[in-house]
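So the chains spell out like this:
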Amino acid sequence: MPLPLDPTEPIAIVGLGGVLPGAKDVPSFWKNVVGKVDSIVEVPADRWDWRLYWSADRKAADKTYSKIGGFVLDFAFEPLKLRIPPPVAKQMDTVQQLAVAATAEALKDAGYETKEFDRGRCAVIFGNSMGGPKKEASDLRVYTAMYLERLAQSAAFGKLPSAQREAISAEVETSVKSGLMSITEDTMPGELSNVIAGRVANTFNLNGANFTVDAACAASLGALSQAVNGLRFRQFDMAVTGGVDQMMAAPAYVKFSKIGALSADGSRPFDAGANGFVMGEGCGVLVLKRLSDAQKDGDRIYALIRSIGASSDGRGKGITAPNPKGQKLAMERAFEGLNYGPKDVGLIEAHGTSTPVGDAVEVTAAAELFADAAPGSIALGSVKSQIGHLKAAAGAAGLLKAALAIHHKTLPPSINFKTPNPAVDWKKCPFYVNTDAKAWDSKGKPRRANVSAFGFGGTNFHVTLEEATPETTKWVPSLAAASQALLSAAEASRPPKAMEPGLGGEAFCLGGADETAVFNRLERLAAEAPADGPLSSYAAKVNTENPVAQPVRLSLAAESAKALKEKAALALKSRSAGIWQKAPPNFKPKSIHVGQGTAGKPKVAFLFPGQGSQYVDMMKDLREKYQVVADTFAEADRIMTRLIGEPLSDILFTKGGETPEKLADMAERIKRTEITQPAVLTADIAILRLLRQLGVEPDMVAGHSLGEYGALVAADVLTFEQALDAVSARGREMAGVKVSDNGKMASVAWPVEKVEAVLKKVDGYVIAANKNCRIQTVIAGASSAVDQAVKLFQAEGVQAQLIEVSHAFHSEIVAPASEPFARFLERIAPQAPRIPVLSNVTAGYYPKDAKKVRELMTRQISAPVEWIAQVERMYADGARI
């Protein structure tokens, strides 16, 4: 049984990557941190000429008073190592290049550059808020026309001779655009913020969720929060997450200067001389897995993420003003449900922007929550003192520093701290600003560090990290999750909730060590049966108390107490008739079945039927009896209303009083491919869910043609909604194939070897499309060829008849549907299977690679169904039920 969903399971940080000011990688970054390197420099000349935009006068219009920042210098992107074509790399914004390079380092650091992992279950979630520099450059190129127009409209320019005006305009346009790349079809995906995560997913072929989170300066912790939640709720099994920011253009400096947020001379968090933040750029990436999976896979763990608290400031002094209430809420929420408290934390990596008010508000708010800790007992720091404020990537940089501090057992320094901020009462404060790297003495307890990031707009995040020790890695599910798991197990061991207990029969399953034990149980069954009323509660009691995993077994179905007693009496009359060697002929019509267990535990295979098994009122009785079946059809109704404009139930189920003509119309309509496919799939999934509620789980799954989509849902390759979308798209694309001949299909009561021998005599295209069993093969092909083949089989005395279909499915005639269907599959992103699922195309198992999964699903449209080989493969692999 898989571990339960648990919102408290620790998340392991198993890989780190980064490109940061003064550091091309994470080892360089950590060396700079402990070495107290100040990586803040003057704006490099290759970025922009600060002399054009700078003024010491803070009130000067459209000017910045700051000309310093934390810049990534000497970054060299190597696209060929990452199999990125140089033309594509040239169009990529450098913010995307930073993200890709840092991810490559993080995956390599985690061991997954070479080690196989399920790429279909790996998500990419990045924080970014203002895109990258390429957008500004491409916008400037477009706006050149407006500037030239303004020039042309000026009076002085208009007095110049026409030739001179044209020459000046041409020179200005050439000068402006000379350093700017041309705008092409590749420009926009190269500069969009959301494509950052998409670019990483594309480069490393990761098929889990991918998106970019914007929470301003808290964006990377917002992305982390989404990654952690997705892992805990098993939406994916690995996550590449972090933040990247390279918005260091002159306009950003000017705008931040106009609100007085920047410092002109340095970053000094918590110091009395703090006078604003210093802009910074860079990227930090973490590879995350659930602790249980990281342990199972033998991953190196830097630290454990225990929780993330999030809050909004709500109504405060202003949309950009720090609010101590909101910050404290995020910190309080981070400690909810933890098995330790604030006083057990040894390091706080604060937001610490180096604004005098912001620093004081943050420290004072945190001090209230950490009040139980002794004064000056918890180290406080901010990596912004060394690399500046990385904005959307600030939280990621803080996380890297804190995780490395835990891993290296070192309390890292915060630099440029000389005179404490006078707005903080440091004597009573539980924090001290640590100014030198030193060994982290945890006094035998796990090392713990917390990281904060707060963003414009009043968004706050606070993360708790813990050292991976023998003590902290002995994780067990929370009480709530464990209770839910026990409840689920209990639910699985009893019949599913019945909506109409009196509808249909109830199954009674008995088992024993020998025939006598079973007959004794059967006698008690009849004697203790209720005199009247529904049997559902009694069946649940009997089936729970009588385990059937025994050598000798008997089951019967009864719709009433009277029928139960009669059937029990019939079986008891055969006490000495050797019924387990040969069941009496009257047992089966009475729904009485006997059997003997096989040695060991046989494997269970679920086989899902496909198109052709549909009929009006299919599963109506089970829908009325079992809630899970009703819920499945209700879910399908909602989805199908979106897809075709009406509920599936209205098409499939009678309401009473239908005329023969109406019934005939209903029967004809559900033969239409676009209706048949979702109807059969819904029935397949309803039965799957019902069996699972009864505690019956498959070891492997397979489906015939359309039925393969039911199998893919059972194996978690697709959700039910994705599968309904897929079969609707599949049916739509196949029904919409426009060819001169739609072809035909026919059923032939002969083995495939003999069928194929006859088909060689046919003029035209015809193949064995469904290799079903030793006495049935379905052929498909061009209409005239199929007609000719049917006559040849009939001449041989073999039963052969045409099947009523719109097209010759599983043949090259429907191959034109493959390409648009492949594009559709790219959008819904099928996952790697969680249990073995066989393919109609290969008769082997679907691969773990999500791309190959899509390829097989696409090929399945026009490829023959190798059903015989599939069944033989399942039998060879141990399936007996």
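Residues numbered from 1 in each chain as written. Predicted model: local features only at pLDDT ≥ 70, side-chain atom pairs only at ≥ 80, totals over all residues. Heavy atoms only, no water.

S.K.: What should I look at first to understand the overall build of the chain in this one?
M.R.: Along the backbone of the chain there are 32 helices and 24 strands. Over its C-alpha atoms, taken along the principal directions, the chain stretches across nearly 105 × 80 × 50 Å. Taken over 881 residues, the chain has a buried fraction of 53%. For the chain, the share of sequence-separated contacts (at least 6 apart) that also reach a separation of at least 24 residues comes to 79%. Of the roughly 39,100 Å² of accessible surface on the chain, a fraction of 55% belongs to carbon and sulfur atoms. For the chain, the distance from the average site of its 101 positive side-chain charges to the average site of its 97 negative ones is 3 Å. (Helix = DSSP H or I, 4+ residues; strand = E, 2+ residues; numbered from the N terminus. Buried < 20%, exposed > 50% of the residue type's maximum accessible area, 1.4 Å probe, protein only. Contact = heavy atoms within 4.5 Å. Areas by Shrake-Rupley, 256 points an atom, 1.4 Å probe, with all protein chains shown as cover. Lys, Arg positive; Asp, Glu negative; His and termini not counted. Charge placed at Lys NZ, Arg CZ, Asp CG, Glu CD.)

S.K.: Help me understand the pairing of strand β14 (residues 448–455), please; the structure alone is not making it clear to me.
M.R.: Successive side chains on a regular strand alternate, one facing one side of the sheet and the next facing the other. Burial analysis of β14 places eight of its eight residues in the buried class, the great majority of the element. Side chains of β14 alternate between two faces, with R448, N450, S452 and F454 and A449, V451, A453 and G455 buried alike. What sits between β14 and strand β15 (residues 459–466) in their antiparallel hairpin is a turn of three residues, with G457 showing a positive phi close to 95°. (Pairing = 2+ DSSP bridges.)

S.K.: Mind showing me how you'd approach the nonpolar core here?
M.R.: Looking at soluble globular proteins, one finds that nonpolar side chains tend to be buried together. Y709 and L718 are the most contacted members of the largest nonpolar core, which totals 65 residues. With nine residues, helix α25 (residues 673–693) is the largest single contributor of residues to this core. Apart from residues no more than four positions distant in its own chain, Y709 is found in contact with L681, L718, A723, A726, V727, R730, F821, M857 and Q860. One finds V26, A397, I406 and L465 within the second-largest nonpolar core, a separate group that totals 52 residues. (Core = buried A, V, L, I, M, F, W, Y, C linked by side-chain atoms within 4.5 Å.)

S.K.: Quick question: what am I supposed to make of the confidence of the model for the chain here?
M.R.: Note: predicted coordinates in regions of low pLDDT should not be interpreted at a detailed level. The predicted model of the chain averages 90 in pLDDT, with 94% of residues at 70 or higher. This model gives residues 479–494 a pLDDT under 50, and the stretch forms 13 contacts once residues within four places in sequence are excluded. (pLDDT = per-residue confidence, 0-100.)

S.K.: How should the pattern of salt bridges be read in this particular structure?
M.R.: Should their charged atoms come close, side chains of opposite charge can pair. By the definition in use, this model includes 42 salt bridges. A salt bridge links R448 to E466; the nearest nitrogen and oxygen atoms lie 2.7 Å apart. On the criterion of sequence distance, the pair formed by R448 in strand β14 and E466 in strand β15 is long-range, its members being 18 residues apart. In terms of burial, R448 and E466 fall into one category: buried. We note a salt bridge from E646 to R669, for which the minimum N-O separation is 2.4 Å. In this pair, E646 is assigned in the loop between α22 (627–644) and α23 (648–652) and R669 in helix α24 (residues 660–669), connecting sequence segments 23 residues apart. The exposure class of E646 is partly exposed, given its relative accessible area of 24%. (Salt bridge = Lys/Arg side-chain N within 4 Å of Asp/Glu carboxyl O.)

S.K.: Where do I start with the packing of α25 against helix α27 (residues 720–735) in this structure?
M.R.: To describe two helices that pack against each other, one gives the angle between their axes and the distance between the axes. Closest axis-to-axis distance for the α25/α27 pair is 8 Å, and the angle between their directions is 155°. Relative to α27, α25 is oriented roughly antiparallel. Note that α25 runs across α27; the crossing there is right-handed. Residues T673, E674, Q677, P678, L681, T682, I685 and R689 of α25 lie in contact with α27, whose contacting residues are F720, A723, L724, V727, S728, R730, G731, M734 and A735. Of the residues assigned to the contact of α25 with α27, the class counts are nine nonpolar, five polar and three charged. (Axes fitted to C-alpha atoms, helices over the stretch in contact; angles between N-to-C directions. Parallel < 35°, antiparallel > 145°, perpendicular 65-115°, else oblique. Left-handed = near helix turned anticlockwise from the far one by under 90°. Nonpolar A, V, L, I, M, F, W, Y, C, P; charged D, E, K, R; others polar.)

S.K.: Explanation requested: the packing of aromatic side chains in the structure shown.
M.R.: Between two aromatic rings, the relevant description is the distance of the centres plus the angle of the planes. In total, this model carries 16 aromatic pairs according to the counting rule given. Plain terms: the ring middles of W48 and Y53 are 5.6 Å apart, the flat faces sit at 80° to each other, and that makes the pair edge-to-face. When its relative accessible area of 9% is taken as the criterion, W48 is described as buried. When its relative accessible area of 31% is taken as the criterion, Y53 is described as partly exposed. Grouped by ring-pair contacts, the aromatic residues F335, Y340, F370 and F431 constitute a single cluster. (Phe/Tyr/Trp six-rings, centres within 6.5 Å; stacked < 30°, edge-to-face > 60°.)

S.K.: Whenever I open this one, the sheet that holds β14 confuses me. Can you help?
M.R.: Pairing between the strands of a sheet is mediated by backbone hydrogen bonds and can be parallel or antiparallel. Spatial ordering of the open sheet is given by β5-β4-β6-β7-β1-β8-β15-β14-β9-β10-β12, a layout of eleven strands whose pairing is mixed. In the strand order of this sheet, the two ends are held by β5 (210–213) and β12 (431–433), each with one partner. Strand-to-strand twist across the sheet, computed as the mean angle between neighbouring axes with direction ignored, equals 25°. In this structure, β14 lies alongside β15, joined through eight bridges in antiparallel fashion. The residue of β15 that forms the bridge with F454 is N460.

S.K.: Teacher, can you tell me more about empty space enclosed by the protein here?
M.R.: A probe as big as a water molecule, rolled over the atoms, marks out the empty space that is left. For the structure on display, the rule yields two cavities of 30 Å³ or more. Taken as a whole, the largest cavity holds about 60 Å³ of empty space. For the largest cavity, the full set of lining residues is M331, I348, A350, E362, V363, A366, L380, F431 and S452. In terms of residue count, the dominant contributor to the lining of the largest cavity is helix α14 (residues 356–369) (three residues). Its residues placed into classes, the lining of the largest cavity shows seven nonpolar, one polar and one charged. (1 Å grid on protein atoms, 1.4 Å probe; cavity = no way out; pocket = protein on both sides within 12 Å on 5 of 7 lines; lining within 4 Å. Points joined across faces, edges and corners; volume = space filled by probe spheres on them.)

S.K.: Before we go on, may I ask you to explain the environment of R447 in this structure?
M.R.: Along the chain, the position of R447 falls in the loop between β13 (438–439) and β14. Residue classification places R447 among the buried residues on the basis of a relative accessible area of 12%. Between the alpha carbons of R447 and V345 there is a distance of 7.3 Å; along the sequence they are 102 residues apart. The residues contacting R447, other than those within four sequence positions of it, are I406, K409, W440, S442, L465, E466 and E467.

S.K.: I tried to follow the sheet that holds strand β24 (residues 800–803) on my own but got confused; where do I start?
M.R.: Spatial strand order, β22-β23-β21-β24: four strands in an open sheet with antiparallel pairing. Among the strands making up the open sheet, the edge pair consists of β22 (766–773) and β24. The average undirected angle you get between the axes of adjacent strands in this sheet is 25°. Where strand β21 (residues 744–748) lies against β24, four bridges are found, and the strand directions are antiparallel. Note that in β24 the partner of M745 across the bridge is I803. Its contacts with the sheet place helix α29 (residues 783–795) against β21, β22, β23 (776–781) and β24, and it is angled at close to 15° to β21.

S.K.: Would you explain the side chain of E708 in this entry?
M.R.: Considering the arrangement of structural elements, one finds E708 in helix α26 (residues 707–714). Buried charge without a partner: E708 forms no salt bridge, and the closest opposite charge is R730, 7.8 Å away. Within the local environment of E708, its side chain forms a polar contact with the side chain of Y846, the two groups lying 2.5 Å apart. Ignoring any residue separated from it by four or fewer positions in sequence, one finds E708 in contact with G703, L838, S839, N840, Y846 and Q860. (Polar contact = N/O pair within 3.5 Å; in protein donor to acceptor, adjacent residues only side chain to side chain.)

S.K.: Would you explain helix α5 (residues 133–153) in this entry?
M.R.: Because each turn of an α-helix spans 3.6 residues, side chains separated by three or four positions end up pointing in the same direction. Between its first and last C-alpha, α5 extends 30 Å over 21 residues, near the 30 Å set by a 1.5 Å rise per residue. Where α5 bends most, at V142, the angle is about 35°. For α5, every residue scored as buried is listed here: K134, S138, R141, T144 and L148. (Expected span 1.5 Å × (residues − 1). Bend = angle between axes of the 7 residues up to and from the residue.)

S.K.: Please explain the side chain of S705 as it appears in this structure.
M.R.: Turning to its location among the elements, S705 is positioned in the loop between β20 (700–703) and α26. Owing to a relative accessible area of 11%, S705 belongs among the buried residues under this scheme.

S.K.: Explain unusual backbone geometry to me, please; I cannot follow it from the model alone.
M.R.: Trans peptide bonds make up the majority, and among non-glycine residues the majority have a negative phi. Despite not being glycine, D617 has its phi angle at roughly 70°, a positive value. Here D716, not a glycine, exhibits a phi torsion of approximately 65°, which is positive. Within the fold, D716 resides in the loop between α26 and α27.

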